[in-house]
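This is what each chain is made of:
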Amino acid sequence: MYLKNFRKWVVPFLHKCDGRSPGSFDVLLREYLVGLATDDLVCCTLVFKTSNASKQSIDPIIADQSLLMSIALDCIYACDRSDQLDKCFEIVQCLPQRINKCQSEKMLKLFNDVDELKNHLMAAEILGRNGLPQQISFIRDTQNNKEEAMKILTRITRTAARQQPPVGERKLKMLLDEISQLTEKAYRCIDKSTCYRVFVESLLCSGCLENIEIAGRMLEHSVVQRPVLPPQNVHQHRDERKSDFFHCRVSYADAVQLVLAAAREYFDSSATLNDSDMQLARTCLGLIADQNAEIEAERDLIEAVSMLEGFCVNILPVQVRICKDKLQLVHKAIAARPSAYRSSQRLVRLGKLLRVGGDSDDETRGQVLRLVAGTALQNNDYKSCYEACALLMEIGYAEVWRECRSLAELEEYSDIQAKLELLSFAVVHCSRDMIESILRAKQLLQTQLLCDKIRARIGDGGSPGPSSPPLSHRGVLAQTKDVLGQTKDMLRSTNKATQSILLHISSSKWWKKTMSGLHLAKRDQNTDDYDDLNVGFQQQSCHPFYETVFEKCYSNRVEADYVGMHLPRTDLSGLTISEGLLRTAKLEESVTEGQNVNLASQVLLRLAEDVIVQDSMLGLAYLLALPDATEADLCFAKIPSTKTSLQLAAYYYALQILSHLMLEAEPELSNVYRLTPEHLTQTVIGYIRDVTEQKRGSDWPDIVQKMAQRLVNCNELLLDYVQAQTLDGLDRGVDISRFVQDDGYKRETILGMVLCLDDNAFKIASSLAARHRIPVGEVHMAHLEHLFEDSSLSTEEIESRIQALGILQELKQNSAAYVKRMEANVYPLIEGTDLNRLLLYYTLLSEISSEEKSPLVVSASAHARLLKKIRNLAHKLNYRRLTDGSCDPLEILSPVLNHDNVSAIAKLASNINSLDGRPLTASNIYRLWAVKLFWEGFHGKEKAGSRSEWIPNFDLFWDSVQKMDTDDFISFILNVVFSLEAVSQLSIDCRRQILRRTLKHAKQQQQGSKRSAKDDTNTKKLSWDEVVSRVQKFLEHIDRLNIPFILEAKTSTDPLMNKYAQLFDLTCSQPEKVEDLMVTMALDGQSVETIEEMRRSMSKISDFKLKSVIQEALNLITAAMRNPSGSHSAIDGCDLAEVLKRVAMRLAEHQNSGGNLVRVEDAIGVILPFCADQNVSVKVRLGVLDIISKTLRLGPDDQSLILFNQTQAMVSMIGVNVEVTDAVRTDDGRQLLFDRLLSVCDQTRQLKVIKELLDTWPELQSTRQHIENPAMNVWCQLVDRFLRTNEILKEPIEGILPIIISLCARDSLSAACVSYVSENLLKYEQPHPVAAAKCLLVNHDSSLHSKAIEILKQVTEDNNDDDLYSLILKRHLVTQVILMPFYASLVDYILGNQCTDSSKTPDYIRVDSIARQMQEAGYQVEAGTLVMQFRSTHRSLRTFDAAFSVISNLLRR
């Protein structure tokens, strides 16, 4: 209707006006439409739609496109309403589109304006969606106003960020995208980085932890982190911009400022430290990883608030920030509690957090500690005040001098040393007018401190006089104007103190105690007061002042360095105290008129000892001041003995002698000190020698005679030292001072000199040995040992050197001792195969003493004779092993025997002892040679079968056989017929032929022995009759090798049977060996029937019964259990329990098959006495009883006996005084014993044994009767006892949890009992929900599993318990724990237990099986994720859709 009326009335009117005034149509139409658009765009929209250029209207109201576009722009911008954005878009749709043809500049400008309008419309749309609708004209007018634009962005972002509940990450991403578009379309004055900053700032200030975390992902956390700027491409696709959301970060500098602003806002808005805003402030500050100064300052402010709260200071956080003088806050903290000032470190920390002194830690510490010192002083807490002042003095904080002075002037504060330190600091930093008074007070303190030091040495001994009057400093410090009066008072006070001290030290008890403690002075001396460069006293020493006067003189520059202009130390070290005591002693000597002279002597000695190494002249002066010159010996005895010290001592004694002898000519005595020390010393020594030779020294005073003797001794020591230096010149590492002093070291040094091939060193050592009364033979013996050990000389060279040096002549003087030394030190150094060296050794031994015997019984000369003969016969022989008795000499001789030397060695056999100490015989050698020759003949052959193969070899050694005696003949037969080598290489026929040949020889010898007239009845050797008999038995044994059992054993595929056949072959049918073989078979676990078959086959040899075989085997086992070192060869090194189990199993098999060859009672008769033996360990006995009870089918009586023994053994393990009676064989008796044991046991170890005892017993009737009553169930009672005992003993519960959990798996425990145990674990002092859940899960009752899940919901942390994971999987409860904390570890456990071959993986832990369980329970995403983890899918590909796809494909299969 509007358009109809518009066309009817308005358009004609406009045309008429235009006719009258050209152009008025456009002007009036524009004014009309713009006027309408101000209030409403509806009518304007209709007009524009009729003029739509794109639809080519038939009768458009506005035909001119440029006019249409111009009016449309004016109307939209003129509209004052913000709710007609849709109409604006409709108007824009009516405007013509830009074309590529050439257009006028006017049209181009209009098209550009339309494009700009579209951007403004889009911006208005974004603002409207975010709750900030605006007119289009507002956007146009403010698009270049950066301040207004920032307000708009801030309002949008903060409104969204503060919504409750939080909008979430997805919507925040959309918001960021929209404001980015807003800045692209309209507010181009805002760059991308500013847009991001505004967005992040809004998130940080949102008061929502989730938004702060999101903002943190958009910040650079470190200055080294590479900034990632927002994309600048305005044409970038919207989805691409979304994907880059968290890849765009605010720069580090801006991030710091944003974080600080947010943190400060939260901090200032907090009411208390526990306010949630304070936690948000901490969270914001935690977003910056670097150590930023501003961030740290803000954190420190938060911590300062915490510390202020700890000091009970109630203050708003914002007040802490705005407080200009932060020291006032520290003052409030100190004033809040009376004792707060004592927490000085915390207060200093608070000051640093508040930046009291700015960035200077020292200034902060100074201001705070000064405040602490002042408060402590006000509270009369002098100790705390001094500690604070001491800390400030250490850092040189000058402002504290007033507090130092105030503390030092207090009479109540009695620590003089501390006062001295305080005044020393104060005098440096005080004002000018206070310097003089503080200095005078300091001097008084130093005087009193020295007196107190002396009193400290005295202790409370003696009777001190009246105590010294107090030295007041308060008046000195207060009256700075009257300097003269102060000086008089101080002098008067010092005079009184000195008099008091003198009265005190006059006591004899004081001196006695002082001198007894004087030795502490050196120990207390500060180690910085001297260096140790001259600690060995190798140089003459002097004071540094005289350093340039002496050549090659040592001076201690630590004492004073005049070159470097370093002043000497002034602290009271031990040396200073000694000097003070010396002054005190001299003063006391003057007071007592010389009555206590000896007191000064002790101090002089101590001083001389302390300084003589550092200043020789000063030390000598102290010694010369001694009243008794002989006391100097005490000092010289304590200093190192060097050339310098010895010369100094000689000089001292020479001076003393001259001073006493020239006492009458005292004016000339001074000339003595002008002589050089060496000249003076030698002159006095020469004088003494002359007087001694003339025997004129008897009239000398005693002191002179003593000094003369000391001077001579000192000169001797000096000569020794010179000789020691000669030794040092040999470059042998001789400690000269030790050589002079230590006789033991001197002896070792002289003997060590000959441990070389230097003839000069040998001569010097011999000379020194003679001088120092060391036997020369010792020197020669040491050189001889060296020649054999380390000289690398040949035997001939050693022998020639021994002769050249004449060593043997000296050794013969004490032959017995040197023989023992050679046997102990030389003999072990010689190789056994070095026959020439051994010959030399025995030759020397025989020459030293022909009567001495070696420990090997054979004399040295006999050894030498044997070596001379044998070294040419067998040069590779190990002679030491041949003669030392450690092995069979025949084994040593065997390798070196050959055709050429066998006869010669046989002749020497009597000179060689066997292992039993008897000499060898020629027969032994021939037997050894025959055996060796026999087997060398068959070397390399598989087996000698025919006679023609062994007869030639037999003939080779037959001559040797004929030279053997009967014992060696039998040994020969055993070696060639009945040895392992013979069994493996010779056929039975061959061995039989050998035996026949030897039998023939034996019979010949038998006839010859009968014809001979000799009859040696005392001989222990076999007769030829016995030999013939034994060879015949050997032949019979060979025939027995063909019995069926042995033949079957030889051909058996069982290696053990082959071994038995071989062992029987080696027994030679000796009964005891055959019986041992049957026992070995039993021990190896052969069946009873097999052993019986063997026994029957050997019935003609032995009547050993099968019962005896089994019992002997059991006896051997039990004996080995008692004493493993003496076990039978068949079980040596074996597991005895396994051996016993094998034997018992064979008995059980025989018993089960109905056999009656051996009864179980036969074995029990051996086992029970062993198990009753209290000397055998309980563990071993229980193991034996367990094997017997589980293996053999026992009768009721035997079972009862076994049970009794088991119970008795276990009760003995518990270690309680409970007797095991026969009643234990009944159920009631066992119940009573259990109750008794449970009541007396109070250790976890004992309860574990009770648990094992219950396992061993048959199930008690009470267990079945009370299966639903936990209070009466024995297993529940045991668990209760475990928990109570563990709680009382405070032991880790982890030691008993496996036991408790394993008990819950028993079928004998009902669901009620298991629940009872689980509840007890939850009620424990420290609940164990995981263990309680495992107790429920380990039981097969499914009703308990749901309870376990409820308990696991209480677990708040992952314990990584593989047993728990296994139980959850076995009970198919994975779906019920997905939301629990340990689910991730459960997944790791599942993946880590998959086998390479999936068929070997148990079904309950297979990934596909678990995934199906999850899918059926509705956890498709988790199931798919599990499968992707199993397939090692990359983390970035494990998306929501991928998880659905994977599980879907898996279920289709």
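Everything below is about the structure shown above.
1. Focus on the overall build of the protein
From N to C terminus, the protein includes 75 helices and 2 strands. Counting only residues that meet the buried cut, the protein has 48% of its 1453 residues in that class. Long-range pairs, those at least 24 residues apart, make up 65% of the contacts in the protein between residues at least 6 apart in sequence. Just so you have it, the protein exposes about 73400 Å², and 49% of that area is on carbon and sulfur atoms.

2. Comments concerning a negative patch on the surface
On the surface, Glu 796, Glu 797, Glu 799 and Glu 847 cluster together into a negatively charged patch. Note that Glu 799 resides in helix α39 (residues 795–805). On the basis of relative accessibility, which here comes to 37%, the residue Glu 799 falls in the partly exposed class.

3. Looking at the packing of helix α2 (residues 24–39) against helix α4 (residues 65–78)
Interhelical geometry of α2 versus α4 gives an angle of 30 degrees and a closest axis separation of 8 Å. Classified by the angle their axes make, α2 and α4 are roughly parallel. At the point where α2 passes α4, the crossing takes the right-handed sense. Together, Asp 26, Leu 29, Arg 30, Leu 33, Val 34, Ala 37 and Thr 38 of α2 and Leu 67, Ser 70, Ile 71, Asp 74, Cys 75 and Ala 78 of α4 make up the contact between the two elements. Across the contact of α2 with α4, the residue classes break down as 8 nonpolar, 2 polar and 3 charged.

4. As for the side chain of His 1345
As for its position among the elements, His 1345 is in helix α70 (residues 1343–1352). According to the relative accessible area criterion, His 1345 is buried, its value standing at 9%. Those residues within four positions of His 1345 in sequence are excluded, and the remaining contacts are Leu 1336, Leu 1337, Asn 1339, His 1340, Arg 1371 and Leu 1373.

5. Examining the packing of helix α73 (residues 1407–1416) against helix α74 (residues 1420–1430)
Running from N to C, α73 and α74 cross one another at 165 degrees; their axes reach a closest spacing of 7 Å. For the element pair α73 / α74, the angle class is roughly antiparallel. Taken as a pair, α73 and α74 cross one another with a handedness that is left-handed. Contacts between α73 and α74 involve Val 1407, Ile 1410, Ala 1411, Met 1414 and Gln 1415 from the former and Gln 1420, Glu 1422, Ala 1423, Leu 1426, Val 1427 and Phe 1430 from the latter. Considered class by class, the residues forming the contact of α73 with α74 number 8 nonpolar, 2 polar and 1 charged.

Cut-offs used in this document
- Residues numbered from 1 in each chain as written.
- Predicted model: local features only at pLDDT ≥ 70, side-chain atom pairs only at ≥ 80, totals over all residues.
- Heavy atoms only, no water.
- Helix = DSSP H or I, 4+ residues; strand = E, 2+ residues; numbered from the N terminus.
- Buried < 20%, exposed > 50% of the residue type's maximum accessible area, 1.4 Å probe, protein only.
- Contact = heavy atoms within 4.5 Å.
- Areas by Shrake-Rupley, 256 points an atom, 1.4 Å probe, with all protein chains shown as cover.
- Patch = residues over 30% accessible without salt bridge, like charges linked within 9 Å, V, L, I, M, F, W, Y side chains within 5 Å.
- Salt bridge = Lys/Arg side-chain N within 4 Å of Asp/Glu carboxyl O.
- Lys, Arg positive; Asp, Glu negative; His and termini not counted.
- Charge placed at Lys NZ, Arg CZ, Asp CG, Glu CD.
- Axes fitted to C-alpha atoms, helices over the stretch in contact; angles between N-to-C directions.
- Parallel < 35°, antiparallel > 145°, perpendicular 65-115°, else oblique.
- Left-handed = near helix turned anticlockwise from the far one by under 90°.
- Nonpolar A, V, L, I, M, F, W, Y, C, P; charged D, E, K, R; others polar.

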